[in-house]
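Per-entry structural report
The chain contents come next:
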Amino acid sequence: MGTILIEAWLEAKVLNPADLMITNRTLSKALTLKEKHPGIKVAESAAEIAQQADFIFLCVKPLQIDGLLSDIKHHINKEQLVISITSPLSVAQLESAVKAPCARFIPSITNRVGSGVSLLSFGEGCGKEARSTLQELASAISAPVVIENDITRVASDIVSCGPAFFSYLAQAFIDAACQTTKIDKETATTLTENMLIGLGELLGKGVYTLPALQEKVCVKGGITGEGIKVLEAETGEMFHHLFQATHEKFAEDLHEVEKQFGHPY
């Protein structure tokens, strides 16, 4: 996700390569980005970035956050802003660890093309100017939405996990078409991908809402209506179970993070 954010901001021209200093546990990955975008500075350690950056983005997995903070927290001051992109770590937990203003920025893969939503949460120490700057960065590649801590998981499921969930459903849609008719996979894939692109355009331009679009296409007594009947009968509680599963995993991650930080989410 760090790479996605970097390339999205550079393509949006809201940042220049020279504005960025990056590092990675596998330094060659950072150097590859530098080769692609000359001007980016590559640091040998996260501590080096913490000593110099105005905004410090922590783009690591939840169980890696404690070790990273141990390396950088003594180099951070109250003039900086520390931003995590991981959902199981609350802004309050992050602020307690680094003793500096903090925020959370949960991106989506759709941000790579300047689309979709990003989720923002701000700590108590995050001032008006820092909030405004982060919101400007988010607005350059997404439609940012400020959320409360208690809906972080479900909002992340929709925004960040949603593309993978609906890609899976689209692939199942394609496979079923190929297995039950004579259409070949390449043709079915092309038709489905372009249908989804068109659907996104209709929604993006505000031509239809989701309910209005379904009503428009689903002519009473028609073929679409017969398909909708199948979906109504067979979808059942599938999505209920999906959200239950993601929240169960989230609870496990919260428990591990709480053990590291010593206080609840």
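Calculation criteria
Residues numbered from 1 in each chain as written. Predicted model: local features only at pLDDT ≥ 70, side-chain atom pairs only at ≥ 80, totals over all residues. Heavy atoms only, no water. Pairing = 2+ DSSP bridges. Helix = DSSP H or I, 4+ residues; strand = E, 2+ residues; numbered from the N terminus. Axes fitted to C-alpha atoms, helices over the stretch in contact; angles between N-to-C directions. Contact = heavy atoms within 4.5 Å. UniProt positions renumbered as here; feature names shortened; annotations may be inferred. Core = buried A, V, L, I, M, F, W, Y, C linked by side-chain atoms within 4.5 Å. Buried < 20%, exposed > 50% of the residue type's maximum accessible area, 1.4 Å probe, protein only. Parallel < 35°, antiparallel > 145°, perpendicular 65-115°, else oblique. Left-handed = near helix turned anticlockwise from the far one by under 90°. Nonpolar A, V, L, I, M, F, W, Y, C, P; charged D, E, K, R; others polar. Domains from an automatic or database assignment. Salt bridge = Lys/Arg side-chain N within 4 Å of Asp/Glu carboxyl O. Polar contact = N/O pair within 3.5 Å; in protein donor to acceptor, adjacent residues only side chain to side chain.

Naming follows an unreviewed UniProt entry, where the protein appears as Competence protein of Peribacillus simplex.

Things to note about the sheet that holds strand β3 (residues 55-58)
The strand order across the open sheet built from five strands is β3-β4-β5-β6-β7, with neighbouring strands paired in mixed fashion. A single partner strand is all that each edge strand has here, and the edge strands are β3 and β7 (143-146). Going across the sheet, the axis of each strand differs from the next one's by a mean of 25°, ignoring polarity. Strand direction decides the pairing type here: strand β6 (residues 117-122) and β7, joined by four bridges, are parallel. Note on β7: the bridge partner recorded for leucine 120 is valine 146. The strands that helix α6 (residues 128-141) touches are β3, β4 (81-84), β5 (102-106), β6 and β7; relative to β6, the one it contacts most, it runs at about 170°.

A look at the UniProt feature "domain: Pyrroline-5-carboxylate reductase dimerisation" (unreviewed entry) in the protein
Residues annotated by UniProt as "domain: Pyrroline-5-carboxylate reductase dimerisation" (unreviewed entry) correspond here to residues 153-252. For the annotated span residues 153-252, helix accounts for 84% and strand for 0% of the residues, and the straight-line distance between the end C-alpha atoms is 12 Å.

Remarks on the nonpolar core
Ile6, Trp9, Leu81, Phe105 and Leu134 are the most contacted members of the largest nonpolar core, which totals 24 residues. Only α1 (2-11), α2 (27-36), β4, β5, β6 and α6 provide two or more residues apiece to this core. If you look at the next biggest cluster of nonpolar residues, it comprises 21 residues, including Ala43, Ala50, Leu89 and Cys102.

Here's the deal with the packing of helix α7 (residues 152-180) against helix α11 (residues 238-261)
Relative to each other, α7 and α11 sit at 125°, their axes nearing to 11 Å. Considering their axes alone, α7 and α11 lie oblique with respect to each other. α7 and α11 meet at a crossing whose hand is right-handed. Packed against α7, whose contacting residues are Arg153, Val154, Asp157, Ile158, Phe165 and Leu169, the element α11 presents Met238, Phe239, Leu242, Phe243, Thr246, His247 and Phe250 at the interface. A class-by-class count of the residues in the contact of α7 with α11 yields nine nonpolar, two polar and two charged.

Considering unusual backbone geometry
In the Ramachandran plot, lysine 13 falls in the positive-phi region, its phi being about 60° despite a non-glycine side chain. Judged by relative accessible area, lysine 13 falls into the exposed class, the value being 71%. Even without a glycine there, the phi angle at lysine 99 is positive, about 55°.

A few points about the domain arrangement of the protein
You can read the domains of the protein as domain 1 (1-149) and domain 2 (156-242). One C-alpha centre belongs to domain 1, the other to domain 2; they are set 34 Å apart. At the junction of the two partners, domain 1 supplies eight residues and domain 2 supplies four residues. At the surface where domain 1 touches domain 2, the tally comes to zero salt bridges. Counting the contacts that link domain 1 with domain 2 gives two residue pairs in polar contact (both at pLDDT 80 or more). A class-by-class count of the residues in the side of domain 1 that touches domain 2 yields five nonpolar, three polar and no charged.

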